[in-house]
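Coordinates in review
Okay, here's what each chain looks like letter by letter:
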Amino acid sequence: MADRPMTTLSTTDVIELLLADHEDAKALLDRFDATVPVERAGYFCEVVTELVRHEVAEEHVVYPIIRHAMPGGEQEAKARIAEQTELEELLVAMEKADASSAEFADQFATLRQTVLEHASAEETSTFPLLQQMEDAESRLALGGRYEHAKARAPSHPHPHAPHTPPGNAILDSVAYFFDKARDAVRNA
């Protein structure tokens, strides 16, 4: 167990939270086929928000532990973060596209496949490392930190922002407020 503050306790193990998020993301992505083209823009906003908040929270809570706690952790974290960066870049491109177009549907199919592959990689390689490295009490504390980070995460992709501490801790907070303002203006 790494030496770090455990100020926020959760009643849920971080791995259980992550797996539940993966299941929720799969269900959310599956809704695309039943969404009529005219309603895709609103639906896509929901997809973006959920995916970005999940990924940012992982970058704050999970990957620093994976990176430093065991041999091979740095490569594991880099591989998963590279996948997340690819997802963010795709989300940025899709935000500019006409959500009712055939091109958008093609991009969404790519997004769905990329998200599912990323989730599978985490479930088969990242989460078992986390399970090995952290005891049950630590995973509960990490669950609390994950929930807090997810609640304070930006709601839009920022693929060029830092994905590692300390840069992400500083810039994600700024992005969170920027995204809140951006969303308020769009919804006004």
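Residues numbered from 1 in each chain as written. Predicted model: local features only at pLDDT ≥ 70, side-chain atom pairs only at ≥ 80, totals over all residues. Heavy atoms only, no water.

Points about the overall build of the chain
What the chain contains, in helices and strands, is six helices and zero strands. Secondary structure elements of the chain, listed N to C terminal, follow the sequence α-α-α-α-α-α. Within the chain, buried positions represent 48% of all 188 residues. If you take every contact in the chain between residues at least 6 apart in sequence, the share linking residues at least 24 apart comes to 79%. Of the roughly 9,400 Å² of accessible surface on the chain, a fraction of 57% belongs to carbon and sulfur atoms. (Helix = DSSP H or I, 4+ residues; strand = E, 2+ residues; numbered from the N terminus. Buried < 20%, exposed > 50% of the residue type's maximum accessible area, 1.4 Å probe, protein only. Contact = heavy atoms within 4.5 Å. Areas by Shrake-Rupley, 256 points an atom, 1.4 Å probe, with all protein chains shown as cover.)

Brief notes about the packing of aromatic side chains
Counting across every chain of the model gives six aromatic pairs. Their ring planes at 35° and their centres at 6.5 Å tell us that phenylalanine 104 and phenylalanine 108 sit as a pair that is tilted. Placement of the pair is phenylalanine 104 and phenylalanine 108 together in helix H4 (residues 102-133), with a separation of four residues, close to one helical turn. Like phenylalanine 108, phenylalanine 104 is buried. Clustering of aromatic rings is evident, with ring pairs tying together Phe32, Tyr43, Phe44, Phe104 and Phe108. (Phe/Tyr/Trp six-rings, centres within 6.5 Å; stacked < 30°, edge-to-face > 60°.)

Comments concerning the pattern of salt bridges
A side chain with one charge can pair with a side chain of the opposite charge if their charged atoms come near. The full count for this structure, using the stated rule, is eleven salt bridges. With its nearest N and O atoms 3.2 Å apart, the salt bridge here joins glutamate 74 to arginine 67. Counted as one network, the salt bridges with shared partners bring together Glu23, Lys26 and Glu123. (Salt bridge = Lys/Arg side-chain N within 4 Å of Asp/Glu carboxyl O.)

Focus: helix H3 (residues 73-96)
For H3, which comprises 24 residues, the first-to-last C-alpha distance of 35 Å matches the rise-based estimate of 34 Å (1.5 Å per residue) to within 8%. Here H3 has its buried residues at Gly73, Glu76, Ala77, Arg80, Ile81, Gln84, Thr85, Leu87, Glu88, Leu90, Leu91 and Met94. Here the buried face of H3 lies against helix H2 (40-69) and H4. (Expected span 1.5 Å × (residues − 1).)

Quick word on the packing of H2 against H4
Their axes nearest at 12 Å, the elements H2 and H4 cross at an angle of 25°. By the criterion of interaxial angle, the relationship of H2 to H4 is roughly parallel. Remark: the crossing between H2 and H4 carries left-handed chirality. (Axes fitted to C-alpha atoms, helices over the stretch in contact; angles between N-to-C directions. Parallel < 35°, antiparallel > 145°, perpendicular 65-115°, else oblique. Left-handed = near helix turned anticlockwise from the far one by under 90°.)

Some remarks on the environment of valine 47
Position of valine 47 relative to the elements: it lies in helix H2. Along the sequence, valine 47 and leucine 28 sit 19 residues apart, while their C-alpha atoms lie 7.0 Å from each other. Excluding residues within four positions of it along the chain, valine 47 makes contact with Leu28, Leu29, Phe108 and Leu111.

Observations regarding the nonpolar core
Proteins that are soluble and globular tend to have nonpolar side chains buried together. The biggest cluster of nonpolar side chains holds 21 residues, and the ones touching the most others in it are Phe44, Val47, Phe108 and Leu111. If you list the elements that add at least two residues to this core, you get helix H1 (14-30), H2, H3 and H4. A per-element tally of this core places H2 first, with seven residues. Beyond its immediate chain neighbours, meaning those up to four positions away, leucine 111 contacts Phe44, Val47, Leu51, Leu87, Leu90, Leu91 and Met94. In this structure, Ile81, Leu130, Met133 and Ala149 belong to the second largest nonpolar core, which totals 19 residues. (Core = buried A, V, L, I, M, F, W, Y, C linked by side-chain atoms within 4.5 Å.)

A word on the side chain of threonine 126
Here threonine 126 is to be found in helix H4. What makes threonine 126 buried here is its relative accessible area of 0%. In contact with threonine 126, not counting residues within four places along its chain, are Val62, Tyr63, Ile66, Glu76, Arg80 and Ala121.

Just distances and angles here, no functional claims.
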